[in-house]
Amino acid sequence: MPIVFSWLEIQVSAIAAWLGFMFLLVSWLDQQKAEPELVRKVMHIGAGQVLLIAWLLQVPLVICLGFSLLFSAIALVSYYLPILPMLNSVGRKTLGVFYYALSITILVAVFWSINQPQYAAIGVLVMAWGDGLAALVGTRWGKNFYQIGNNRKTLEGSLAMAIASYLVMLGVLAIVLGNSWAIFLIPLPVALVAAGLEAVSPGGTDNLTVPLVSAGLCYGFVLIAINFRLQA
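Treat the numbers as computed from the prediction; the structure is a model and nothing was measured.

Asker: Would you take a moment to explain the overall build of the protein chain for this structure?
Answerer: Helix and strand counts for the protein chain stand at nine helices and two strands. For the protein chain, the succession of helices and strands along the chain, N to C, is α-α-α-α-α-β-β-α-α-α-α. The dimensions of the protein chain, computed from C-alpha atoms along their principal axes, are 60 × 55 × 25 Å. Taking all 232 residues of the protein chain together, the buried fraction comes to 44%.

Asker: Is there a simple way to explain the packing of aromatic side chains in this structure?
Answerer: Each aromatic ring pair is described using two quantities: the centre-to-centre distance and the angle formed by the ring planes. The full count for this structure, using the stated rule, is six aromatic pairs. Taking 5.1 Å as the distance between ring centres and 65° as the angle between the ring planes, the aromatic pair formed by Y119 and Y219 counts as edge-to-face. Taken as a pair, Y119 in helix α5 (residues 117-141) and Y219 in helix α9 (residues 206-231) lie far apart in primary sequence, 100 residues in all. Taking the relative accessible area as the measure of exposure, Y119 reaches 3% and is therefore buried. Taken together, the aromatic side chains of F111, Y119 and Y219 make up a single cluster linked through ring pairs. We note R152 situated over the ring of F145; from NZ or CZ to the ring centre the distance is 4.0 Å.

Asker: Teacher, can you tell me more about a nonpolar patch on the surface here?
Answerer: Side chains of L76, V77, Y80 and L81 sit close together on the surface and give an oily, nonpolar patch of about 380 Å² of accessible area. Within the secondary structure, Y80 sits in helix α3 (residues 61-80). The exposed category is assigned to Y80, whose relative accessible area is 60%.

Asker: Which parts of the structure should I look at to understand the pattern of salt bridges?
Answerer: The tally for this structure, following the rule as stated, stands at two salt bridges. The closest approach of N and O atoms between D131 and K41, which form a salt bridge, is 2.9 Å. One end of the pair, D131, is in helix α5; the other, K41, is in helix α2 (residues 36-56), with 90 residues separating them in the sequence. Two residues, E198 and K153, come together in a salt bridge whose shortest N-O distance is 2.9 Å.

Asker: Any chance you could explain the layout of surface pockets here in plain terms?
Answerer: Rolled over the atoms, a probe sized like a water molecule indicates the empty space that remains. The calculated volume of the second largest pocket comes to roughly 370 Å³. Along its surface, the second largest pocket is lined by 16 residues, and L19, M43, F67, F71 and I74 are the ones closest to its centre. Residue assignment for the lining of the second largest pocket shows that the elements contributing at least two residues are α1 (7-31), α2 and α3. The greatest single-element share of the lining of the second largest pocket, amounting to six residues, is contributed by α3. Of the residues that constitute the lining of the second largest pocket, the class distribution is 15 nonpolar, one polar and no charged.

Procedures and definitions
Residue indices begin from 1 for each chain and proceed along its sequence in written order. Owing to the predicted nature of the model, reporting of local features is limited to residues with pLDDT of at least 70; listing and counting of side-chain atom pairs is limited to 80 or more, with chain, interface and lining totals taken over all residues. Working from all heavy atoms in the structure, the side-chain values ignore hydrogens and water. Strands here are runs of E lasting at least two residues and helices are runs of H or I lasting at least four, both read from the DSSP assignment and numbered beginning at the N terminus. Relative accessibility thresholds used throughout: buried, under 20% of the residue-type maximum; exposed, over 50%; partly exposed, between the two (1.4 Å probe, protein chains only). Two rings from Phe, Tyr or Trp (for Trp, the six-membered ring) form a pair when their centres sit within 6.5 Å of each other. Planes less than 30 degrees apart are called stacked, planes more than 60 degrees apart edge-to-face, and all others tilted. Criterion for a charge above a ring: Arg CZ or Lys NZ at most 6 Å from the ring centre, at most 35 degrees from the ring normal. Patch membership is restricted to residues that have no salt bridge and whose relative accessible area is over 30%. Joining uses 9 Å for like charges and 5 Å for the nonpolar side chains Val, Leu, Ile, Met, Phe, Trp and Tyr. Surface exposure here means Shrake-Rupley accessible area, sampled with a 1.4 Å probe, where a residue is shielded only by the protein chains that are shown. Each salt bridge in this description consists of a side-chain nitrogen of Lys or Arg and a carboxyl oxygen of Asp or Glu lying within 4 Å of one another. For cavity detection a 1 Å grid was placed over the protein atoms alone, and a set of points counts as a cavity when a 1.4 Å probe fits there but cannot get out; an open set counts as a pocket when protein lies on both sides within 12 Å along at least five of seven lines, with lining residues being those that have an atom within 4 Å of a point. Grid points are joined across faces, edges and corners, and a volume is the space filled by probe spheres set on the points. When residue character is reported, Ala, Val, Leu, Ile, Met, Phe, Trp, Tyr, Cys and Pro are called nonpolar, Asp, Glu, Lys and Arg charged, and the others, Gly included, polar.

Structure follows, in structure tokens:
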């Protein structure tokens, strides 16, 4: 007798499978003595794709919240106990991973509840790809340094953050809005704000400020664009 899976089981399995794959990949990289910053950012980028999967598969709010709350709890415990040592092995220990998980939880609670999950995905994807590539580009190719408070950044990394953020939003908005002038204009100011927040937010708080502000601004600008189009 063939085994038949429900759509909910497929949704949950897809998220669990992706998270399991990312954990195995990061563990393997750690065992291969890869650069700690690379290990962190691979996990950083990979974890952010969970919300993209959840949005595209239309995973229900309760399931998304369950996973995000679990992720938040593990991240908070890992700050105090070495259960995920590969995430705290680059010479700095912050609550950044917890802030990342917390931002996902907040975005899911807000945008899933109003049936606009694409903006939650935008916020997290901007953080995942933007911040992840900013760190990798800045570390490998950054030559022009600047400092704001205790944050030491590179212009190359900040530019990578802005470009990656713009492209992420462009892709999601193209799916949501279709062929519209708004998909090219809206991401520009949001990407610049995201890059600025990544540069000035202290102690890993960019994992909270960037996704929340990016999602909120993008949602607000889209509402303005829709209203403008209706009145035109």
